[in-house]
Amino acid sequence: MNWDDTTDAEAAGERLVGSVADGEDQAVEAALRPKDLGEFIGQEKVREQLDLVLRAARARGATADHVLLSGAPGLGKTTLSMIIAAEMGAPIRITSGPAIQHAGDLAAILSSLQEGEVLFLDEIHRMSRPAEEMLYMAMEDFRVDVIVGKGPGATAIPLELPPFTLVGATTRAGLLPPPLRDRFGFTAHMEFYGPAELERVVHRSAGLLDVEIDPAGAAEIAGRSRGTPRIANRLLRRVRDYAQVKADGVITQEIAAAALAVYEVDARGLDRLDRAVLQALLKLFGGGPVGLSTLAVAVGEERETVEEVAEPFLVREGLLARTPRGRVATPAAWAHLGLTPPRAQISGNGQGDLFGA
């Protein structure tokens, strides 16, 4: 069970299947987070590689190499950063890229670090350029140059830093400049979870929340969790509420399905917004192609909301495709909504019949 991060699309935080953690999620996550790598579910390759890095550092009596974690929100980057600190027996300092707008902000944080401390920098790609350039020297040489004064009389005062471990997290690794990426000794990409892993997440969370759940109920929740542990835990809490009010408190497959139907999360994890986009694409525009702005107007949402909140999951599920001509529905989208595609869609030529022949 692993969660973390924010995303640029704030609207995602309002959805039951959104990957952003709101205040309630953050409070629950603090209680449910695993405390060491042995408890961390999923991401086997990342766990194995990170375990070697941390064990080697402890054996040398040195701080661990800087770590860069990339991947979608809700997959466990913040959790892993806390585990790194726990495994190294070090305190952790948590901040984010958007909070560091000036080099002085970063200098203040770095100068107050203790030896061996872990600095977790979330959304590191959103840090300002001056702070980013200061970070290069801090990561490589454990020193920063603090500029005192302005103009020709400005003086650079070198400030030595104690050895520390930087853990950077990003949802958009491609936005990181190569000089920054190259200074991380260990980089890992967090993958989406499979159904079996999410079932283990749900079972573990149910135990910690003192909720009784059977295997079929856990499988039902896992199958609608969009490959993301944070969403699995959020759905579990909503199903728990339904089971306590409408049933005997035990989560079965039937109870889970009924509860998630109330919250409009279907068998593939699509919610109201996802289905609205697909229905508009299929029923109003015959499966496309249609431009993003037109599609957004059709569903009554902002262009950015459709592009950043709904589309990534629909594309990943193979329900929608982005083409140079616009958005196009796939055969799987027609099948999921129980609709029959036009003849041109069935023939696969992607063009309408101009003369009706």
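Rules and cut-offs
Residues numbered from 1 in each chain as written. Predicted model: local features only at pLDDT ≥ 70, side-chain atom pairs only at ≥ 80, totals over all residues. Heavy atoms only, no water. Core = buried A, V, L, I, M, F, W, Y, C linked by side-chain atoms within 4.5 Å. Buried < 20%, exposed > 50% of the residue type's maximum accessible area, 1.4 Å probe, protein only. Helix = DSSP H or I, 4+ residues; strand = E, 2+ residues; numbered from the N terminus. Contact = heavy atoms within 4.5 Å.

Trainee: Mind showing me how you'd approach the nonpolar core here?
Mentor: Buried together is how nonpolar side chains tend to be arranged in soluble globular proteins. Ranked by internal contacts, the top residues of the largest apolar core, which has 45 residues, are Leu-50, Leu-80, Ile-213, Ile-221 and Ile-251. Sort the elements by how many residues they give to this core and helix 9 (residues 229-246) lands first, with seven residues. Apart from the residues within four sequence positions on either side, Ile-251 is in contact with Val-211, Glu-212, Ile-213, Asp-214, Gly-217, Ile-221, Leu-236, Val-239, Arg-240, Ala-243 and Ala-256. Membership of the second largest hydrophobic core comes to 24 residues, among which are Leu-119, Met-127, Ala-138 and Leu-161.

Trainee: Even after reading the chapter, I still don't get the side chain of Ser-81, so can you show me in this structure?
Mentor: Following the sequence through the fold, Ser-81 ends up in helix 3 (residues 77-88). Ignoring anything within four residues of it in the chain, the contact list for Ser-81 reads Ile-92, Val-118, Phe-120 and Val-167.

Trainee: Mind showing me how you'd approach unusual backbone geometry here?
Mentor: With the exception of glycine, the majority of residues adopt a negative phi angle, and the majority of peptide bonds are in the trans configuration. In this structure, Glu-123 is a non-glycine residue whose phi angle is positive, near 50°. Following the sequence through the fold, Glu-123 ends up in the loop between strand 3 (118-122) and helix 5 (129-141). Phi at Phe-142 takes a positive value of approximately 55°, unusual for a residue other than glycine. Judged by its relative accessible area of 21%, Phe-142 is partly exposed.

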